[in-house]
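These are the residues of each chain, in order.
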Amino acid sequence: TWFLLRGFLTIVTESGTEDYVGPCYVQAPSGAKRIIYAHEDSIFVNIHLNPTNIRDIDELEKYTYAESYEEYEQWKKEYKDEKN
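Counting restarts for each chain, with residues numbered from 1 along the sequence as it is written. Reporting in this predicted model follows two pLDDT cut-offs: at least 70 for local features of residues, and 80 or more for side-chain atom pairs to be given and counted; totals over whole chains, interfaces and linings ignore these cut-offs and use all residues. Hydrogen atoms and water are omitted, and side-chain values are computed over all heavy atoms in the structure.

*Asks:* Sorry if this is basic, but what is going on with the overall build of the chain here?
*Replies:* Each helix corresponds to a stretch of at least 4 residues labelled H or I by DSSP, and each strand to a stretch of at least 2 residues labelled E; elements are numbered beginning at the N terminus. Secondary structure assignment for the chain yields two helices and six strands. Going from the N terminus to the C terminus, the chain shows its helices and strands as β-β-β-β-β-β-α-α. Along the longest, intermediate and shortest principal axes, the C-alpha atoms of the chain span 40 × 25 × 20 Å. Only protein chains enter the accessibility calculation, which uses a 1.4 Å probe; a residue whose area is less than 20% of its type maximum is buried, one above 50% is exposed, and one in between is partly exposed. The buried share of the chain, taken over its 84 residues, is 12%. Sequence-distant contacts in the chain: of pairs separated by 6 or more residues, those separated by 24 or more amount to 48%. For every accessible area listed, the method is Shrake-Rupley and the probe measures 1.4 Å; residues are considered covered only by the protein chains on display. Carbon and sulfur atoms form 51% of the exposed surface of the chain, whose accessible area is close to 6700 Å². Side chains of the chain carry 9 positive and 16 negative charges; the gap between the two charge centres is 6 Å. Between two residues, a contact is recorded if the distance between any of their heavy atoms is within 4.5 Å. Working convention for charge: Lys and Arg count positive, Asp and Glu count negative, and His plus the chain ends are omitted. One atom stands in for each charge, and that atom is NZ of Lys, CZ of Arg, CG of Asp or CD of Glu.

*Asks:* I keep staring at the pairing of strand S3 (residues 16–21) and nothing clicks. Help me out?
*Replies:* The two faces of the sheet receive side chains in turn, since in a regular strand these alternate between them. Looking at chain direction, strand S2 (residues 8–13) and S3 are connected through six bridges and run antiparallel. Within S3, the residue paired with Thr13 across the bridge is Gly16. By this definition, two strands are paired if DSSP reports at least two bridges between them. Between the antiparallel neighbours S2 and S3 lie two residues.

Everything listed is a geometric property; what it means functionally is a separate question.
The structure is reproduced here in structure tokens:
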């Protein structure tokens, strides 16, 4: 889930391009890739699960985002192994 609390964004995903004006929220699928263009100062909040209650910010960042699709695929593989 993400929230646009204020502002105007254009977001490009694999599904297409959409404009958003805050306030609004969107239920985005896990692993969604997006490019965001802010037309004006905006406040965008992205909500992530933290099922193991990670408190270390560096570890939490590793858990919640990937800098490439390959990194995301590797995370999925490792996370699936942890759950089994």
